[in-house]
Amino acid sequence: MKRTFKFLMGLIAAVLFCSVFSSCTKTEGSVDSKKIVGDWKLENVIYKTYLDGEIQDDYEDDCSTWYFIFNFKADGTGMRTSINENSGENIQYPITSWKIVGSRIEMWEVEDGVKRFVQMDIEELSDDKLIFSGAPEQKTENGILKHYVKYTYKRI
């Protein structure tokens, strides 16, 4: 059961990661794009689901057995690696371009042969910590469904 739950959370994280994000909290002003260059390992994910403002699901994962590693290169390209230590899976997704616009990162990533546009808010960026967040909403027959996600990375 725990293995299935971890797999589902990883899948949800990947799906949310590939969505266009918007958030209520952002870093103020512009973020220096030079600070993001390097390797970043996912250390924590907070995931919450709301239906018409009422919390439906609240989950936090310390990413001890599955995680992403971002490699942002100074030339505006990079790589996202998805690692699942339980299954031994190690999948690389090329980032064909990335740039920081204000306090958001915008990038084109290739996943399973499909080029996807990804946009996330940068909540925090320091020498050793990077936080991406977002809260996409969708209208459903049951009301407005909002998925909040917060990814905390550490420089490696």
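In this text, all values refer to a predicted model and were calculated from it rather than measured experimentally. (Residues numbered from 1 in each chain as written. Predicted model: local features only at pLDDT ≥ 70, side-chain atom pairs only at ≥ 80, totals over all residues. Heavy atoms only, no water.)

(A) Seen up close, the side chain of R104. Relative to the elements of secondary structure, R104 occurs in strand 6 (residues 104-111). Only 2.9 Å separates the side chain of R104 from the side chain of Q119, close enough to count as a polar contact. (Helix = DSSP H or I, 4+ residues; strand = E, 2+ residues; numbered from the N terminus. Polar contact = N/O pair within 3.5 Å; in protein donor to acceptor, adjacent residues only side chain to side chain.)

(B) How the structure looks around unusual backbone geometry. You will see that D52, though not glycine, has its phi angle at about 50°, which is positive. Positionally, D52 belongs in the loop between strand 1 (38-51) and strand 2 (54-61).

(C) Local environment of the nonpolar core. Counting residues in each nonpolar core, the largest one holds 27 residues, and the members touching the most others are I36, F72, I105 and F132. Contributions of two or more residues to this core are made by strand 1, strand 3 (66-72), strand 5 (89-101), strand 6, strand 7 (114-125), strand 8 (129-134) and strand 10 (143-155). Per element, the largest residue contribution to this core is 6 residues, and it comes from strand 3. Among all residues touching F72, those that are not within four sequence positions of it are I36, V37, G38, W40, T77, I95, W98, I105, M107, L130 and F132. (Core = buried A, V, L, I, M, F, W, Y, C linked by side-chain atoms within 4.5 Å. Buried < 20%, exposed > 50% of the residue type's maximum accessible area, 1.4 Å probe, protein only. Contact = heavy atoms within 4.5 Å.)

(D) Quick look at the confidence of the model for the protein. With 81% of its residues at a pLDDT of at least 70, the protein reaches an overall mean of 86. Low confidence marks residues 1-27, where pLDDT is under 50. Its contacts with residues over four positions away, or in another chain, come to 63 contacts. (pLDDT = per-residue confidence, 0-100.)

(E) Quick peek at the pattern of salt bridges. The tally for this structure, following the rule as stated, stands at 4 salt bridges. The partner of E109 in a salt bridge is R80, and the shortest N-O contact between them spans 2.8 Å. Residue E109 is located in strand 6, and its partner R80 is located in strand 4 (residues 78-84); the two are separated by 29 residues in the primary sequence. Judged by relative accessible area, which is 1%, R80 ranks as buried. Note that D121 is salt-bridged to R104, the shortest N-O span being 2.8 Å. Note that D121 is positioned in strand 7 and R104 in strand 6, a separation of 17 residues in sequence. Both residues of the pair, D121 and R104, count as buried. (Salt bridge = Lys/Arg side-chain N within 4 Å of Asp/Glu carboxyl O.)

(F) Quick peek at the pairing of strand 6. Counting buried positions along strand 6 yields 6 of 8 residues, so the element is predominantly enclosed. Two elements, strand 5 and strand 6, share 6 bridges in a ladder whose sense is antiparallel. By the bridge assignment, W98 is partnered in strand 6 with M107. Linking two consecutive strands that pair antiparallel, namely strand 5 and strand 6, is a turn of 2 residues; a positive phi of about 65° is found at G102 within it. Across 8 bridges, strand 6 lies against strand 7 in antiparallel orientation. From the neighbouring strand, R104 faces strand 7, where its bridge partner is D121. The antiparallel hairpin formed by strand 6 and strand 7 contains 2 residues in its connecting segment, where D112 sits at a positive phi of about 55°. (Pairing = 2+ DSSP bridges.)

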